[in-house]
Amino acid sequence: MAQSQPNRVYTEPASEPTKTDASTSSGGNDNVVDPPDVVLAPPARAGSRNIGDRIFQNVTFLFALIVLTLVFLMAYEMYRGSQLTIGKFGWSFLVSSTWDPVRDVYGALPYIFGTIATSVLALLIALPLSLGIAVFLSELAPRWLEPSVSFLVELLAAIPSIVYGLWGFFVLVPWLRVSVEPFLIRHLSFLPFFSGAPYGFGVLAAGLIMAIMVLPIITSVSRDVLRSIPNSQREAALALGATRWETSRIMLSDARSGLLGAILLGLGRAVGETMAVTMVIGNTSKISLSLLDTGYSMASVIANEFAEATTNMYTSALIEIALLLFIVTIILNAAARLIVWSVTRKFSAA
Amino acid sequence: MKFSKLIASVVLALAAILPSALAQMKLNGAGATFPYVIYSKWFDVYSQKSGVQFNYQSIGSGGGIKQVTEGTVDFGASDAFLSEDQMKEIKEKQGSDIIHIPTVMGAVVISYNVPAIGNDLHLTPGVLADIYLGEITKWNDPRIAEINQGKNFPDQAILVAHRSDGSGTTNIFTDYLVKVSKKWADKVGKGTSVDWPVGLGGKGNEGVSGLIKQSEGAMGYVELAYAVKNNLPYALLKNEAGKYVEPTFEGVSYAAAGAAAHMPSDLRVMLTNAPGEKSYPICGFTWLLIYKDMKDKQKAEAIVGFLKWAMGEGQTYAKDLYYAPLPKEVVKLCEAKIGTISTK
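This is a predicted model, so every value here is computed, not measured. (Residues numbered from 1 in each chain as written. Chains lettered and ligands numbered in written order. Predicted model: local features only at pLDDT ≥ 70, side-chain atom pairs only at ≥ 80, totals over all residues.)

The next point concerns the overall build of chain B. A tally of helices and strands in chain B yields 13 helices and 11 strands. Along the longest, intermediate and shortest principal axes, the C-alpha atoms of chain B span 85 × 50 × 35 Å. Evaluated residue by residue, chain B yields a buried proportion of 49% over its 344 residues. Pairs at least 24 residues apart make up 73% of the contacts formed inside chain B by residues separated by at least 6 positions. (Helix = DSSP H or I, 4+ residues; strand = E, 2+ residues; numbered from the N terminus. Buried ≥ 20, exposed ≤ 12 C-beta atoms within 10 Å, placed from the backbone. Contact = placed C-beta atoms within 7 Å.)

Across its full length, chain A holds 16 helices and two strands. Split into buried and exposed, the 350 residues of chain A put 40% on the buried side. Within chain A, contacts between residues separated by at least 24 positions form 78% of all contacts whose residues are at least 6 apart in sequence.

On average, residues of chain B score 88 in pLDDT, and 93% of them reach the 70 mark or higher. Both confidence scores are given for the complex: pTM 0.79, ipTM 0.76. (pLDDT = per-residue confidence, 0-100.)

Time to look at the confidence of the model for chain A. Mean pLDDT over chain A works out to 83, with 85% of the residues at or above the 70 mark. For residues 1-41 of chain A, every residue scores under 50 in pLDDT, and the model assigns this stretch 46 contacts once sequence neighbours within four places are set aside.

By a widespread convention, an interface's size corresponds to the accessible area lost as its parts come together. Between chain B and chain A, the contact holds 26 residues from the first and 24 residues from the second. Taken together, the elements giving at least two residues each to the side of chain B that touches chain A come down to α3 (61-70), β7 (200-202) and α9 (204-214) of chain B. Sorting elements by how many residues they give to the side of chain B that touches chain A places α3(B) first, with four residues. Residues belonging to the side of chain B that touches chain A are distributed by class as follows: seven nonpolar, 15 polar and four charged. (Nonpolar A, V, L, I, M, F, W, Y, C, P; charged D, E, K, R; others polar.)

Below, the discussion takes up unusual backbone geometry. With a phi angle near 45°, Asn283(A) is a residue other than glycine that sits in the positive phi range. Within the fold, Asn283(A) resides in the loop between α14 (275-280) and α15 (298-305). Taking the number of C-beta atoms within 10 Å as the measure of exposure, Asn283(A) has 30 and is therefore buried. Backbone geometry at Leu267(B) places phi at a positive 65°, although glycine is not the residue there. Among the secondary structure elements, Leu267(B) is positioned in the loop between α11 (249-260) and β11 (283-291).

Quick look at the sheet that holds strand β9 (residues 235-238) of chain B now. Pairing is mixed across the open sheet formed by three strands, whose spatial order is β5-β9-β10 (chain B). Strands with a single pairing partner mark the edges of an open sheet, and in this sheet they are β5 (121-123) and β10 (244-245) of chain B. (Pairing = 2+ DSSP bridges.)

With that out of the way, let us pick up helix α9 (residues 161-188) of chain A. Taking 1.5 Å as the rise per residue, α9(A) with 28 residues should run 40 Å; its terminal C-alpha atoms sit only 31 Å apart, a clear shortfall. A maximum bend of about 45° is found in α9(A) at Leu176(A). Residues of α9(A) that are buried include every one of Ser161(A), Tyr164(A), Gly165(A), Gly168(A), Phe169(A), Leu172(A), Val173(A), Leu176(A), Arg177(A), Glu181(A) and Leu184(A), and no others. Buried residues along α9(A) sit in contact with α10 (203-227) and α14 of chain A together with α9 of chain B. (Expected span 1.5 Å × (residues − 1). Bend = angle between axes of the 7 residues up to and from the residue.)

All names here are of chain B. Taken in spatial order, the eight strands of this open sheet run β2-β1-β3-β11-β4-β8-β6-β7, and their pairing is mixed. Every other strand in the sheet has two partners, leaving β2 (53-57) and β7 as the edge strands with one partner each. Neighbour-to-neighbour, the strand axes of this sheet turn through a mean angle of 25°, independent of strand direction. Here strand β6 (residues 159-163) pairs with β7 via three bridges, running parallel. In the strand pairing of β7, alanine 161 is matched with leucine 200. (Axes fitted to C-alpha atoms, helices over the stretch in contact; angles between N-to-C directions.)

This part covers the environment of Gly126(B). Residue and element names in this part refer to chain B. Residue placement: glycine 126 occurs in helix α5 (residues 125-133). Glycine 126 sits 51 residues away from leucine 177 along the chain, and the two C-alpha atoms are 8.6 Å apart. Sequence-distant contacts of glycine 126, that is, excluding residues within four places in its chain, are made with Val180 and Ser181.

What follows is the structure, given as structure tokens:
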């Protein structure tokens with residue numbers, strides 16, 4: 001991922017302008033800046049007395065402020081737009097499973113459940129694969145092979161989700177229905193996760209598609225996190241006689257909080273995925289333990305129903321789902337950034 | 001100076017464009033996606049004839065109604081007619097009544113995938129409703145066999161498919177089920193989206209027909225135009241007169257003609273389950289939503305001109321684009337309605 005690159009090498013500079021701006025305007029105390037950062041930062045930046053530079057700094061700060069304002073405005077607008085349902089249903093909106101536009105009764109539980117179920121399933125499938133690829137790329141891959149594998153993995157992230165959706169609809173779903181699901185039902189139907197009829201469409205199909213979509217994100221972020229571990233650690237482990245396997249395990253445990261961040265970033269993508277999921281999940285608002293059963297997700301219900309939502313209460317219910325999704329995504333992303341930041345910072349300081 | 005030259009040329013260009021831009025009338029509209037194909041044809045042909053420009057955003061009926069309510073468009077389009085509350089809200093906000101003008105008709109076809117029984121499955125309203133209520137679950141249910149003598153039904157579960165996105169098609173379909181089944185009316189009701197008792201949801205006509213094609217034993221409803229274009233197998237439905245009829249454009253026009261006799265004066269009516277031996281029972285209008293009192297009288301005149309054209313020559317484009325044209329009886333009612341739009 002291109003945007004995670006600066007994150008890896010110089011995490012602090014990216015978030016620095018606001019900080020220095022605040023400090024110069026309050027008297028220009030440069031000691032606020034962390035010691036390693038002083039080494040990395042261009043010397044002219046922090047304490048410039050040049051009027052042009054100060055204007056430049058303030059203007060760019062304003063630009064940065066726009067992004068913040070946008071986020072708050074969006075959150076506020078969604079909160080305002082969902083006043084009707086928040087007022088009428090309150091917290092029961094989160095735990096009721098009736099979604100009846102005809103009688104204007106709304107509860108989001110099946111969608112929340114569907115989003116969580118498919119995202120968790122996607123992570124369970126994608127995580128071991130991604131970590132394996134990341135370890136291979138950062139620790140084991142021969143120099144000539146690494147760039148091309150990295151490129152292919154990142155290419156997966158560049159494919160539009162509608163393409164995954166079409167592939168899922170025409171290839172994955174029929175395959176699941178004809179081959180995979182009958183097999184699962186025959187051999188594993190004693191588990192509640194594999195009972196029911198083989199539709200092809202459903203939570204399993206959605207989880208698989210999402211797994212493919214989050215794989216490149218988790219892979220490239222974890223590869224970057226692993227690479228940020230100083231080579232001296234590897235050399236030390238190898239010098240003590242550790243095998244490649246043991247070294248990789250040490251690297252993974254060193255980077256564990258960064259890897260957690262990678263997982264959360266992947267989860268963020270999964271939670272918000274819309275089109276591909278809509279096409280394969282079966283769009284049935286119900287809660288079922290079985291992976292073979294059909295379900296629904298928060299993003300899908302908004303995409304499906306918003307255009308023809310004619311009553312105010314109906315629109316408000318959909319906007320409230322959007323608000324929930326917004327909050328969940330922000331929390332996940334913030335947590336991921338914080339964790340990745342803390343691990344890369346630890347190592348670059350060392 | 002290069003810069004002043006640039007400014008001069010921009011001013012000149014503007015001067016050249018402005019008079020023609022002022023002369024050209026531009027009407028903004030938004031709403032239903034279902035009639036988008038014929039509307040864009042109409043707008044194209046009519047603007048060549050009259051010079052009136054159209055800008056139509058097919059954002060869905062719900063969006064169209066919202067924009068009409070907020071007064072951000074000159075006209076709206078919807079597959080469902082406005083409720084009393086919605087009309088009152090528009091009256092309060094925009095100070096004008098809303099006139100519904102039916103433009104073309106659509107119908108809903110029951111398609112299925114049961115290779116063992118081939119074409120022309122017969123269905124009665126009661127059986128159809130009970131399938132969608134989840135009370136008939138197998139293809140070899142005696143109630144299905146009873147109305148399809150001579151066919152061998154497999155012992156297979158019926159996979160019910162419906163639209164997952166809100167749509168006028170669903171509105172027409174559920175309106176029909178409400179009329180023919182008391183149980184459906186009590187339990188589910190009608191709307192652009194409903195709380196389905198059973199079945200899988202597909203996005204759009206293509207999503208539903210994809211579900212049907214892929215799954216043996218599936219049954220679902222799709223837009224007539226879509227079914228005709230894609231040659232989907234369809235069921236014959238028993239209409240109000242007790243005859244089994246195929247879903248055809250003629251059947252739809254018969255239904256509208258049959259309903260014209262007792263149509264309410266505001267033209268807000270669902271055509272489902274219309275009387276008449278040849279009437280196909282699941283069909284409905286799509287409407288243009290017009291302000292009765294537009295602030296801009298020139299625009300009002302332009303809209304009236306367009307609507308009159310759409311009721312006449314416009315209707316001849318319908319069949320080629322897979323829409324059912326309005327029957328004469330309905331056109332007459334529409335023309336009377338168009339006459340009430342204030343242009344002075």
